[in-house]
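# An overview of the molecular structure
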Number of protein chains: 2
Amino acid sequence: MTDIKTMIDLDKASSVLKLMGDKTRLSMLKLLQKNECCVCEFVAIFNVSQSSISQHLRKLKDVGLVNENRKGQWIFYSLNRQHEAYEFVQNLLDFIPDQDQKIKELEQQGLRITCE
Amino acid sequence: MTDIKTMIDLDKASSVLKLMGDKTRLSMLKLLQKNECCVCEFVAIFNVSQSSISQHLRKLKDVGLVNENRKGQWIFYSLNRQHEAYEFVQNLLDFIPDQDQKIKELEQQGLRITCE
DNA sequence: TTAACATATAAGCATATGATGATATAGTTA
DNA sequence: TAACTATATCATCATATGCTTATATGTTAA
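Note that the coordinates shown come from a computational prediction; the quantities given were computed from them, not determined experimentally.

## Observations concerning the relation of the copies chain A and chain B
Take chain A, turn it by 180°, move it 0.0 Å along the axis, and it overlays chain B with an RMSD of 0.0 Å. The symmetry that links the two subunits is that of a two-fold axis. The fraction of interface residues of chain A whose copies in chain B are also interface residues reaches 100%, indicating that both copies meet through the same surface.

## Describing the protein's contact with DNA strand C
Around DNA strand C, the structure places 27 residues, and the nearest of them are Tyr-77 of chain A together with Ser-49, Ser-51, His-56 and Lys-59 of chain B. Atoms of DNA strand C within 4 Å of the protein: sugar and phosphate make up 67%, bases the balance. Contacts to DNA strand C include Arg-25 of chain B, whose side-chain N or O atom sits 3.0 Å from a phosphate oxygen. With respect to DNA strand C, the side chain of Ser-49 of chain B contributes an N or O atom lying 2.6 Å from a phosphate oxygen.

## As for the protein's contact with DNA strand D
Taken together, 27 residues are adjacent to DNA strand D, and Ser-52, His-56 and Lys-59 of chain A together with Gln-50 and Tyr-77 of chain B come closest. The contact in question runs from a phosphate oxygen of DNA strand D to an N or O atom on the side chain of His-56 of chain A, over 2.4 Å. Note that a phosphate oxygen of DNA strand D is positioned 2.8 Å from one of the side-chain N or O atoms of Lys-59 of chain A. Mapped by element, the contributors of at least two residues to the surface near DNA strand D are helix H4 (50-62) of chain A together with helix H3 (39-45), helix H4 (50-62) and strand E3 (74-79) of chain B.

## Focus: the environment of Glu-41 of chain A
Residues and elements named next belong to chain A. Mapped onto the secondary structure, Glu-41 falls in helix H3 (residues 39-45). Classification of Glu-41 as buried rests on a relative accessible area of 5%. Sequence separation of Glu-41 and Val-16 is 25 residues, and the distance between their C-alpha atoms is 23 Å. For Glu-41, the side chain forms a polar contact with the main-chain nitrogen of Cys-38, separated by 2.7 Å.

## What about the packing of aromatic side chains?
Scanning all chains against the criterion turns up four aromatic pairs over all chains. Positioned above the aromatic ring of Phe-76 of chain B is the side chain of Lys-71 of chain B, whose terminal nitrogen or guanidinium carbon lies 4.8 Å from the ring centre.

## A short note on empty space enclosed by the protein
To locate leftover empty space, one rolls a probe as large as a water molecule over the atoms. Residues and elements named next belong to chain B. Under the definition given, this model contains one cavity of 30 Å³ or more. Here the largest cavity defines a volume of roughly 40 Å³. The wall of the largest cavity is formed by Leu-29, Leu-65, Leu-79, Asn-80, His-83, Ala-85, Tyr-86 and Val-89.

## Concerning helix H5 (residues 86-93) of chain A
Counting buried positions over the eight residues of H5 of chain A gives seven, a clear majority of the element. Of the positions making up H5 of chain A, those classed as buried are Tyr-86, Phe-88, Val-89, Gln-90, Asn-91, Leu-92 and Leu-93 of chain A. Along its buried surface, H5 of chain A packs onto helix H1 (10-20), helix H2 (23-34) and strand E3 (74-79) of chain A together with helix H1 (10-20) and helix H5 (86-93) of chain B.

## As for the sheet that holds strand E1 (residues 37-38) of chain A
Residue and element names in this part refer to chain A. Across the sheet, three strands lie side by side as E1-E3-E2; this open sheet has antiparallel pairing. The strands lining the two open edges of the sheet, one partner per strand, are E1 and strand E2 (66-71). In this sheet, E3 lies alongside E2 in antiparallel orientation, the contact comprising six bridges. Its bridge partner lying in E3, Asn-67 is registered against Ser-78. Its contacts with the sheet place H4 against E2 and E3, and it is angled at close to 120° to E2.

Definitions and limits used
Residue positions are given per chain, counted from 1 along the sequence in the order it is written. Chains and ligands are labelled sequentially in the order written, the chains with letters from A and the ligands with numbers from 1. Per-residue local features of the predicted model are confined to residues with pLDDT of at least 70, and side-chain atom pairs are confined, for both listing and counting, to 80 or more; whole-chain, interface and lining totals are unaffected and use all residues. Side-chain figures throughout are based on the complete set of non-hydrogen atoms in the structure, without hydrogens or water. To superpose the copies, least squares is applied to the C-alpha atoms of every residue with a pLDDT of at least 70 in both. By definition in these notes, contact holds between two residues if any of their heavy atoms fall within 4.5 Å. Throughout this document, a residue counts as near a molecule or strand when at least one of its heavy atoms sits within 4 Å of that molecule or strand. Each polar contact in these results corresponds to two N or O atoms within 3.5 Å; when the atoms are within protein, one needs to be able to donate a hydrogen and the other to accept it, and residues that are neighboring in sequence are counted only if both atoms are side-chain atoms. Counting from the N terminus, the helices are DSSP H or I runs at least four residues long and the strands are E runs at least two residues long. For the exposure calls, accessible area comes from a 1.4 Å probe over protein chains only, and a residue counts as buried if that area is under 20% of its type's maximum, exposed if over 50%, partly exposed in between. The aromatic pairing rule takes the rings of Phe, Tyr and Trp, using the six-membered ring of Trp, and pairs them if the centres are within 6.5 Å, calling planes under 30 degrees apart stacked, those over 60 edge-to-face and the rest tilted. In our convention, an over-ring charge means Lys NZ or Arg CZ found within 6 Å of a ring centre and within 35 degrees of that ring's normal. Using protein atoms alone on a 1 Å grid, points that fit a 1.4 Å probe yet trap it form a cavity, whereas open point sets bounded by protein on both sides within 12 Å along at least five of seven lines form a pocket; residues with an atom within 4 Å of a point count as lining. Grid points are joined across faces, edges and corners, and a volume is the space filled by probe spheres set on the points. Between any two strands, pairing holds if DSSP finds at least two bridges. Lines fitted to C-alpha atoms define the axes, with helix axes restricted to the stretch in contact, and inter-axis angles between N-to-C directions lie between 0 and 180 degrees.

Function-wise, these values are silent; they only describe arrangement.
Right under this line is the structure:
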């Protein structure tokens with residue numbers, strides 16, 4: 001637990017921030033901070049199409065912020081802890097309240113996620 | 001120098017991050033971290049029109065991230081240290097290398113800023 | 001192999017964004 | 001007052017973004 005920051009150059013920082021400036025993606029990243037999630041979970045949580053979720057994940061994957069890991073039928077996404085901006089992103093996400101109530105709401109509505 | 005973070009809700013965080021996801025605005029904020037700057041300085045530093053700079057500053061002002069302070073002919077902008085996301089923004093900017101060489105370049109080119 | 005499910009990709013569309021040039025407003029100075 | 005400088009705003013445009021529907025691809029299971 002050091003205080004040494006891995007600096008991120010302006011161009012890289014702005015492209016990461018741009019990605020995080022979208023509410024849906026920011027919320028996804030916050031959820032990924034604690035959980036691995038598959039696409040169908042995100043689809044259940046956010047009120048948008050599967051296609052839309054897939055495209056958001058594509059953008060996050062394109063800059064390397066997330067990893068994908070196929071488990072059978074499902075593809076689980078996780079934060080890429082090797083990314084050069086990982087510390088930057090973590091630090092930032094720590095200012096945002098956790099979004100776990102989104103998962104709980106699903107459970108309460110009986111819309112429990114199928115891919116677990 | 002405490003470690004207690006002022007949490008920022010997801011909506012507010014994403015709107016701040018969206019603003020910071022633009023290279024020009026991010027660079028402006030980084031410069032403002034150390035200096036008060038007037039519009040003409042930004043115009044001299046970035047390769048865009050005065051109109052464009054003015055519009056970027058407008059967006060930053062609209063969410064309250066910056067304050068303006070007229071000094072005669074000039075309007076100086078500064079970070080709003082009272083903003084609820086100030087700590088969040090500061091923390092984030094601390095990951096980005098300072099942009100002071102931009103000011104130095106201007107000086108070296110004899111384009112020294114007129115409004116000082 | 002076929003059906004069913006999970007995910008990705010393509011095409012199209014409405015809206016947002018960032019830039020510009022022209023013009024308006026405000027302060028300074030002659 | 002008029003001329004000059006600094007800044008803001010308006011109108012416009014090209015491009016980017018996020019969404020949708022339709023379709024393609026990949027995996028599992030009958």
